[in-house]
Amino acid sequence: YSTDGMSAVRPVPGDTAANGGPMAQMYKYPLGQQLILQDGRKFRFGVAGGSTLVIGNIVCGPVATASQQNLAPAAGAIGDKKITLTTGAASAQNVFSEGYASISVTPGAGNIYRIGSHLLMTAGAGDIVNLAPGNTLRVAFTVGTTKVDLYQNSYDGLIQAPATTLTAVVQGAALVSTLTRVGCWVQTRGMASVLTSGTLIAGTRAVVGVGAGAVSPETATAATSKLQVTVGVTFFAAASAAWSGVYLMIDG
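Residues numbered from 1 in each chain as written. Predicted model: local features only at pLDDT ≥ 70, side-chain atom pairs only at ≥ 80, totals over all residues. Heavy atoms only, no water.

Visitor: What am I meant to see in the overall build of the chain here?
Guide: What the chain contains, in helices and strands, is 1 helix and 18 strands. Rg of the C-alpha trace for the chain: 20 Å, near the compact-globule value of 18 Å for 252 residues, within the 12% margin. Expressed along its principal axes, the backbone C-alpha trace of the chain runs to roughly 60 × 40 × 30 Å. Taken across its 252 residues, the chain has 44% of its residues classed as buried. Put simply, 69% of the contacts in the chain that link residues at least 6 apart link residues at least 24 apart. Accessible surface, the chain as shown: approximately 11100 Å² in total, 60% of it carbon and sulfur. (Helix = DSSP H or I, 4+ residues; strand = E, 2+ residues; numbered from the N terminus. Rg over C-alpha atoms; globule rule 2.2 N^0.38 Å. Buried < 20%, exposed > 50% of the residue type's maximum accessible area, 1.4 Å probe, protein only. Contact = heavy atoms within 4.5 Å. Areas by Shrake-Rupley, 256 points an atom, 1.4 Å probe, with all protein chains shown as cover.)

Visitor: Please explain the pairing of strand β14 (residues 183-195) as it appears in this structure.
Guide: When you tally the buried positions in β14, you get 10 out of 13 residues, the bulk of the element. Where strand β13 (residues 170-174) meets β14, 2 bridges bridge the pair, whose relative direction is antiparallel. When the bridges of β14 are listed, Ala173 appears paired with Gln187. The pairing of β14 with strand β18 (residues 243-249) spans 7 bridges and is antiparallel. Counted as the bridge partner of Met191 is Tyr247 from β18. (Pairing = 2+ DSSP bridges.)

Visitor: When you look at empty space enclosed by the protein in this model, what are you seeing that I'm missing?
Guide: Any empty space left between atoms is shown by rolling a water-sized probe over those atoms. In the structure shown here, the tally under the stated rule is 1 cavity of 30 Å³ or more. Taken as a whole, the largest cavity holds about 30 Å³ of empty space. Around the largest cavity, the lining residues are Ala74, Ala75, Gly76, Asp80, Lys82, Ile83, Thr84 and Phe141. Within the lining of the largest cavity, the residues separate by chemical class into 4 nonpolar, 2 polar and 2 charged. (1 Å grid on protein atoms, 1.4 Å probe; cavity = no way out; pocket = protein on both sides within 12 Å on 5 of 7 lines; lining within 4 Å. Points joined across faces, edges and corners; volume = space filled by probe spheres on them. Nonpolar A, V, L, I, M, F, W, Y, C, P; charged D, E, K, R; others polar.)

Visitor: Got a minute to help me understand the sheet that holds strand β5 (residues 82-86) in this structure?
Guide: By definition, the strands of a sheet pair up through backbone hydrogen bonds, in either a parallel or an antiparallel sense. With respect to topology, 6 strands assemble into an open sheet ordered β4-β5-β10-β8-β7-β11, the strand pairing being antiparallel. The open sheet has two free edges, formed respectively by β4 (72-73) and β11 (147-151), since each of these has just one partner strand. Both strand β7 (residues 100-105) and β11 contribute to a ladder of 5 bridges, which runs antiparallel. Residue pairing across strands places Ala101 opposite Leu150, the latter belonging to β11.

Here's what the structure looks like:
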């Protein structure tokens, strides 16, 4: 269920010629790669974040970098393979590779492009993001109007789901105690053993819980229940703070 941190495609610097280029894939498999077993269980490939993952804990993706949102791009023409930006913070080389550039303010709003590579970002004008192969601008940018948001791949930096209030998208259940920045598979669908906070009820929804990394029973209050994030359906309810049988439904 786990792999090492070595890459199949060594990371490459951002192309200073801004002609695009290969994906700076950091690990053995692409982030988000899906694995489906014969029994229907599904898994996704990701990378542990700032601390060792805990077996049977629910994990979520990294928190979006607020300083790299609502960025002003330079002029961009249809067919361009790069985006030149005034960035809001220094970001390490290729931290957004395998991630996305989303156009949040028109012209071009609603378009999203996969990021191939970039050099160290310097928190200023002239930083270049190279788009991944097959990605080119579909709508021209208007300087002073178009805005761009940069997102890491949501499987890059998996962390234990925080107690009560989520900070990012739920991505799966940890299968092994994966060390920081080591690649791993997390389970997204099918029978799993998941940490419990509160007494689950067989046949009902298991939702993101009040305990870190845990699932809890859905609340009986309809208005609150509608807002709770479903992880799966309880198959067998163990005691609170134990690991229950949950049929995961994170990955449809």
